Amino acid sequence: MILGRTERGKAPVEPVTLKILVAGGFGVGKTTLVGAVSEIKPLRTEEMLSETGRPVDDTKGVEGKHTTTVAMDFGRITLREDLVLYLFGTPGQDRFWFLWDELATGALGAVVLADTRRLEDCFAAVDYFERRSIPFVVGVNCFEGARRYPVDSVRRALDIDERVPVVLCDARDRESVKEVLIDVVEHAMARVAAARQPAAP
């Protein structure tokens, strides 16, 4: 084998690494999404919910949830030989939002995970990325037993721009999550390309 080349005769590829955030309300499935798709053992910073936190943690609709992310979830997925995504799941509760600015630094884009039973829980994440001009995709996590709504209905309910992709997904399913992540990258790259085009005279 020639030094610096693979056995197939191709030069080794230095992958492009991109940072993607996974955001949304408490209990919407962010930790599950990162874990479903990560090719490494995901880093999780979960703690048990306590009686002390009950007055500030709204568990309505997710009464069966016993843990919460207190810093971030972290995972990695290689989409292609030359493209690696680093995933950072944000904490869902208001009291941990001071971490968001740090996590958002250098991010190419984001997934805002939504639950149609508690759609208002993702309003804050949508607002956060809109205000900072960070490209995002809304992934509607299709929970068992939850009513399914057309994508256009979800878009109207969230009052988001028609150019923002809204996709149905299953945060437990690797292939489903990969499709959402591909949508994020494509949407973000299209935004970058559009911003580089000179304005029409």
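Residues numbered from 1 in each chain as written. Predicted model: local features only at pLDDT ≥ 70, side-chain atom pairs only at ≥ 80, totals over all residues. Heavy atoms only, no water.

Within the chain one finds five helices and seven strands. Counting from the amino terminus, the chain carries its helices and strands in the arrangement β-α-β-β-β-α-β-α-β-α-β-α. The buried share of the chain, taken over its 201 residues, is 44%. Pairs at least 24 apart in sequence give 71% of the contacts found in the chain among residues at least 6 apart. (Helix = DSSP H or I, 4+ residues; strand = E, 2+ residues; numbered from the N terminus. Buried < 20%, exposed > 50% of the residue type's maximum accessible area, 1.4 Å probe, protein only. Contact = heavy atoms within 4.5 Å.)

Our focus in this paragraph is the nonpolar core. Looking at soluble globular proteins, one finds that nonpolar side chains tend to be buried together. By size, the foremost hydrophobic cluster in this structure holds 26 residues, and its most contacted members are Leu 21, Val 112, Phe 129, Phe 136, Val 138, Leu 158 and Ile 160. Of all elements in the fold, only β1 (16-24), α2 (100-104), β5 (109-114), α3 (123-131), β6 (136-141) and α4 (151-158) reach the threshold of two or more residues within this core. The element best represented in this core is α3, accounting for four residues. Excluding residues that lie within four positions of it along the chain, Phe 129 makes contacts with Leu 21, Ala 23, Trp 100, Ala 110, Val 112, Ile 134 and Phe 136. Among the nonpolar cores identified, the runner-up in size contains 24 residues, and Leu 113, Val 137, Val 177 and Val 185 belong to it. (Core = buried A, V, L, I, M, F, W, Y, C linked by side-chain atoms within 4.5 Å.)

A few words on the environment of Lys 41. Looking at the element boundaries, Lys 41 is found in the loop between α1 (30-37) and β2 (43-48). Lys 41 gets classed as exposed once you look at its relative accessible area, which sits at 79%. For the pair formed by Lys 41 and Phe 74, sequence separation is 33 residues and the distance between their alpha carbons is 8.9 Å.

Bringing the packing of α1 against helix α5 (residues 174-196) into the picture now. Packing of α1 against α5 leaves a shortest axis separation of 9 Å and a crossing angle of 100°. It follows that α1 is roughly perpendicular to α5 by the angle criterion. In contact with Leu 33, Ala 36 and Val 37 of α1, α5 contributes Arg 174, Val 177, Lys 178 and Leu 181. Residue classes in the contact of α1 with α5 are distributed as five nonpolar, no polar and two charged. (Axes fitted to C-alpha atoms, helices over the stretch in contact; angles between N-to-C directions. Parallel < 35°, antiparallel > 145°, perpendicular 65-115°, else oblique. Nonpolar A, V, L, I, M, F, W, Y, C, P; charged D, E, K, R; others polar.)

Interpretation in functional terms is not warranted from these geometric data alone.
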